[in-house]
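Structural overview for review
One-letter residues, chain by chain:
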Amino acid sequence: MSFFIGLISVLFLSGVGLLTLRIINIKNTKFIDIVGYSLPLGIGFVSFQLFILSMLNLKWTLEAILLPWLVIFFIFLLLNKEKKIRINLTKPKISFSHLVLLGLVLVQMFFVLVESQLRPLITWDGWATWLFRSRMFFIDGGVLGNVQVFYDMDYPVFLSIAESVVYFFLNRIDDRVVLLFYPAVYVSIFVLIYSFLRTRVGNYYALIFGFMFISLQIVVRHAGRFDAGQADLPLSLFFLSASIALVNYIKTNNFKYLLITFLISGFSTQIKSEGLPFALVIGLISNVFILKLKSYKYLFLNLVWICPIVIWELYKVGHAFPASFHFTKGIYVYFERLPQIFIGISKELYVLRHWSILWLLFLYALFIGFTNKRVFYKESIVLLLVAVLQMLSYIFIFLITPHKLDVYIPNVIDRLLLHISPIIILVIALIYSRVKINK
Amino acid sequence: MSKVVFSLLIITMFALGCYSLVRNYASFVKHEIPEIFESDDIKRIKYFGSTYPVVLSLKSNIPDQSSLYLVADDQKTHFLSKYFLYPRKVFFSETVESNFKHGHFDYYVVIDNLDSTRKYVIPLWLKFQKHKEIYISNYKIQIFML
């Protein structure tokens, strides 16, 4: 029973995302093309709602979580009652090879689901931060600034808030059922990869590349075999969905995609600190295209991604969070570390048990791209730019961090690469499709 | 040529994905099926060792809305107690008196690992406080009420 209630709570988060997507109402899109955005949007909106309730000193309850969305849902239904919901019942043409691939994907997803439910929370990251705070928020009925300060937790809170929603549905803490959250993120990543690629490289290759990504052992580990970091796969989902929405905006100049891009990149800043450089990267690229497409009226949408950052920073100032002790003596850039950083990153790229040959494939795709410029085009260049700039921001952190790099890089690099890896698989697929056409 | 190499690399990665999938299921059948029938508490003891019963004993001996100064020599005890004891607030230290502030805490807890060479010497002023002594596995737990 707990399992099904947990499942309903995760579906609720996705449902909130779908509702907001229906309200945004992007014309001429199929369900499969927008459903991938639903989980990151749902996580973002519900967490934002609960965080605001806490700022207003209102206690969280299941009713407080559900009510606003039910009201919005019924208003939406009333306003749209004239419109008939069309369901396409024509049987899709599926070949045997598609069925085999789909079967592989489903078998892989089933494994991750079972693994996630096999044991309760056993990770350091979970006890120390992410699910510790979910537990805290459930028991306290909100985010209490003084408790955050006591435990010196200035990390963003949205992920822990979203996970505490599962506890409110269950009306108790169950740190096994809550891990259902991660297979949901895993499925969402696959859906996004598939839906993006199916119109660009075809269903068959979309399934192949989607499977290649979800079968990476580092992804399986983060989604199901829970012995790793807890916020990194969700952050990958936010990075991927915002990047895809950005590419769609550039392709269509439809401001609704830009709105989704900014919403998700803004929410990503409240998932994990690494979301902040990502939002800056997305903001930079988006604004370049806004100017290039002469859509100046869209510039005000920048407020959407800036707003969550400002609110969280004001909250920290208001509760007198202690300043980070890392840079008390100022920031110094240690350029002499560059060789060590590149060696540290390179070592991780060839860890087959994490990445299979993803990075080898990526380097080969880049080699092809630089020797035959025709295979690069706007979409692959934008995605590549997002991934490269994000990676550069991590390299910059390595240049200034007071941590010892010989310990720090091996500790974090697999997770940092995980953040951008779904974008990398898209770049590989796009370049491959061009190589096929050109030859 | 580049298309052939590209395709070969993709086929290789796809095949490796299939291989991992089969290997994961095989490992599941071989090692993990018995875990399905174990309770979450049994699994926690399996993964956390005797630290988990130690934390549970603290939970049953210290009221919910208290703050405690916890002295132990490993980080696992620190994080597990912080997690499982909430809403009790835990301030962790690896030494007996560092950072201790009178009036800030309701309980002073010392956890000695009897297998370890490091033994905690209880400060003199604590000897007059009311206290409980509990033994769990290789741990000696002393709970002082302040």
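Structure: above.
Report on the accompanying structure. These figures come from a predicted structure and were not determined experimentally. (Residues numbered from 1 in each chain as written. Chains lettered and ligands numbered in written order. Predicted model: local features only at pLDDT ≥ 70, side-chain atom pairs only at ≥ 80, totals over all residues. Heavy atoms only, no water.)

Take the overall build of chain B next. A tally of regular secondary structure across chain B gives four helices and five strands. Listed N to C, the secondary structure of chain B is α-α-α-β-α-β-β-β-β in terms of helices and strands. Taken over the C-alpha trace, chain B has a radius of gyration of 24 Å; the compact-globule value for 146 residues is 15 Å, which it surpasses by more than 25%. Each of the three principal axes of chain B carries a C-alpha extent, and together these read 80 × 35 × 35 Å. For chain B, buried positions account for 49% of its 146 residues. Residue pairs in contact within chain B that sit at least 24 positions apart in sequence constitute 59% of those at least 6 positions apart. If you average the places of the 18 positive and of the 14 negative side-chain charges in chain B, the two averages end up 4 Å apart. (Helix = DSSP H or I, 4+ residues; strand = E, 2+ residues; numbered from the N terminus. Rg over C-alpha atoms; globule rule 2.2 N^0.38 Å. Buried < 20%, exposed > 50% of the residue type's maximum accessible area, 1.4 Å probe, protein only. Contact = heavy atoms within 4.5 Å. Lys, Arg positive; Asp, Glu negative; His and termini not counted. Charge placed at Lys NZ, Arg CZ, Asp CG, Glu CD.)

Ranked by internal contacts, the top residues of the largest apolar core, which has 199 residues, are Tyr-37 and Leu-197 of chain A together with Phe-6 and Val-109 of chain B. Of the residues forming this core, the biggest block, 19 residues, is contributed by helix 20 (residues 405-438) of chain A. Core analysis: the next-biggest nonpolar cluster, separate from the first, contains 10 residues, Val-96, Phe-105, Tyr-120 and Phe-144 of chain B among them. (Core = buried A, V, L, I, M, F, W, Y, C linked by side-chain atoms within 4.5 Å.)

Counting from both sides, the interface comprises 42 residues of chain B and, opposite them, 54 residues of chain A. When the two sides are added together, the surface that chain B and chain A hide from each other amounts to roughly 4400 Å², 72% of it contributed by carbon and sulfur. Across the chain B-chain A interface, the total number found is four salt bridges. In this structure, Asp-175 of chain A and Arg-44 of chain B form a salt bridge, with 2.7 Å as the shortest nitrogen-oxygen distance. Taken together, chain B and chain A are joined by 13 residue pairs in polar contact (both at pLDDT 80 or more). Mapped by element, the contributors of at least two residues to the side of chain B that touches chain A are helix 1 (2-36), helix 2 (40-48), helix 4 (75-85) and strand 2 (89-93) of chain B. At 23 residues, the largest contribution of residues to the side of chain B that touches chain A is made by helix 1 of chain B. In the side of chain B that touches chain A, the residues fall into 22 nonpolar, eight polar and 12 charged. (Buried area = accessible area lost by both parts, 1.4 Å probe. Salt bridge = Lys/Arg side-chain N within 4 Å of Asp/Glu carboxyl O. Polar contact = N/O pair within 3.5 Å; in protein donor to acceptor, adjacent residues only side chain to side chain. Nonpolar A, V, L, I, M, F, W, Y, C, P; charged D, E, K, R; others polar.)

Bringing the packing of aromatic side chains into the picture now. Considering all chains together, one arrives at 46 aromatic pairs over all chains under this definition. Between Phe-48 of chain A and Phe-158 of chain A, the aromatic rings sit 6.4 Å apart at their centres with planes inclined by 65 degrees, giving edge-to-face as the arrangement. You can see Phe-48 of chain A sitting in helix 3 (residues 38-55) and its partner Phe-158 of chain A sitting in helix 8 (residues 158-170), a full 110 residues away along the chain. A relative accessible area of 2% places Phe-158 of chain A in the buried class. With a centroid separation of 5.0 Å and 25 degrees between ring planes, the pair formed by Tyr-69 of chain B and Tyr-108 of chain B is classed as stacked. Of this pair, Tyr-69 of chain B sits in strand 1 (residues 67-71) while Tyr-108 of chain B sits in strand 3 (residues 107-113); the two residues are 39 residues apart in sequence, bridging distant segments of the chain. The residue whose ring lies beneath Arg-135 of chain A is Tyr-83 of chain B, and the NZ or CZ to ring-centre distance is 4.6 Å. Against the face of Phe-196 of chain A rests Arg-200 of chain A, its NZ or CZ located 3.9 Å from the ring centre. (Phe/Tyr/Trp six-rings, centres within 6.5 Å; stacked < 30°, edge-to-face > 60°. Lys NZ or Arg CZ within 6 Å of the ring centre and 35° of its normal.)

Before going further, it helps to spend a moment on the sheet that holds strand 5 (residues 139-145) of chain B. Residue and element names in this part refer to chain B. Strands sit in the order 2-1-3-5-4 across an open sheet of five strands; the sheet is mixed. In the strand order of this sheet, the two ends are held by strand 2 and strand 4 (131-136), each with one partner. Here the strands of the sheet are splayed against their neighbours by 20 degrees on average, with no regard to which way each runs. The sheet contact formed by strand 1 and strand 2 spans five bridges and is parallel. Residue Ser-67 lies in a different strand from strand 2, and its bridge partner there is Lys-89. (Pairing = 2+ DSSP bridges. Axes fitted to C-alpha atoms, helices over the stretch in contact; angles between N-to-C directions.)

With that out of the way, let us pick up the pattern of salt bridges. If you walk through the whole model with that rule in mind, you get 15 salt bridges over all chains. Residues Glu-32 of chain B and Arg-119 of chain A are paired through a salt bridge, measuring 3.2 Å at the closest nitrogen-oxygen approach. Of this pair, Glu-32 of chain B sits in helix 1 while Arg-119 of chain A is found in the loop between helix 5 (96-116) and helix 6 (124-140), placing the two residues in two different chains. Neither residue differs from the other here; Glu-32 of chain B and Arg-119 of chain A are each classed as buried. Among the salt bridges present, the one from Glu-379 of chain A reaches Arg-200 of chain A, with a minimum N-O distance of 2.6 Å. Residue Glu-379 of chain A is located in helix 19 (residues 378-400), and its partner Arg-200 of chain A is located in the loop between helix 9 (181-198) and helix 10 (203-214); the two are separated by 179 residues in the primary sequence. For Glu-379 of chain A, a relative accessible area of 11% translates into the label buried. Taken together, the salt bridges that share partners define one network made up of Glu-115 and Arg-119 of chain A together with Glu-32 and Glu-35 of chain B.

Time to look at helix 2 of chain B. If you check which residues of helix 2 of chain B are buried, you get Asp-40, Lys-43, Arg-44 and Phe-48 of chain B. Projected down its long axis, helix 2 of chain B shows its buried positions confined to an angular sector of 110 degrees, all on one face. Residues of helix 2 of chain B that are buried make contact with helix 6 of chain A together with helix 1, helix 3 (51-61) and helix 4 of chain B. Where helix 2 of chain B ends, the next residue or the one after it, Gly-49 of chain B, has phi of about 70 degrees, a positive value. (Arc of directions from axis to C-beta.)

So, on to the side chain of Ser-81 of chain B. Mapping Ser-81 of chain B onto the fold places it in helix 4. Not counting residues within four places of it along the chain, the set of residues in contact with Ser-81 of chain B comprises Val-55, Leu-70, Tyr-86 and Val-90 of chain B.

Quick look at the pairing of strand 3 of chain B now. Residues and elements named next belong to chain B. With seven of its seven residues buried, strand 3 lies for the most part within the structure. Residue alternation in strand 3 divides its side chains into two sets, Tyr-107, Val-109, Ile-111 and Asn-113 and Tyr-108, Val-110 and Asp-112, and both sets are buried. Pairing of strand 1 with strand 3, which is carried by four bridges, proceeds in the parallel orientation. Bridged to Val-71 within strand 3 is Val-110. Two elements, strand 3 and strand 5, share seven bridges in a ladder whose sense is antiparallel.

Residue and element names in this part refer to chain B. The sheet contact formed by strand 4 and strand 5 spans six bridges and is antiparallel. Directly across from Ile-134, in strand 5, lies its bridge partner Ile-141. Where strand 4 folds back onto strand 5 in an antiparallel hairpin, the turn is made up of two residues, including Ser-137, whose phi is positive at roughly 50 degrees.

Let us now look at unusual backbone geometry. With omega at 20 degrees, the peptide bond leading from Tyr-86 of chain B into Pro-87 of chain B counts as cis. Structurally, Pro-87 of chain B is set in the loop between helix 4 and strand 2. A positive phi angle is found at Asn-171 of chain A, which is not glycine, with a value near 60 degrees. With respect to the helices and strands, Asn-171 of chain A occurs in the loop between helix 8 and helix 9. Asn-171 of chain A sits in the exposed class, given a relative accessible area of 62%. Residue Lys-294 of chain A is not a glycine yet carries a positive backbone phi of 55 degrees. Tracing the backbone shows Lys-294 of chain A in the loop between helix 14 (275-292) and helix 15 (302-318).

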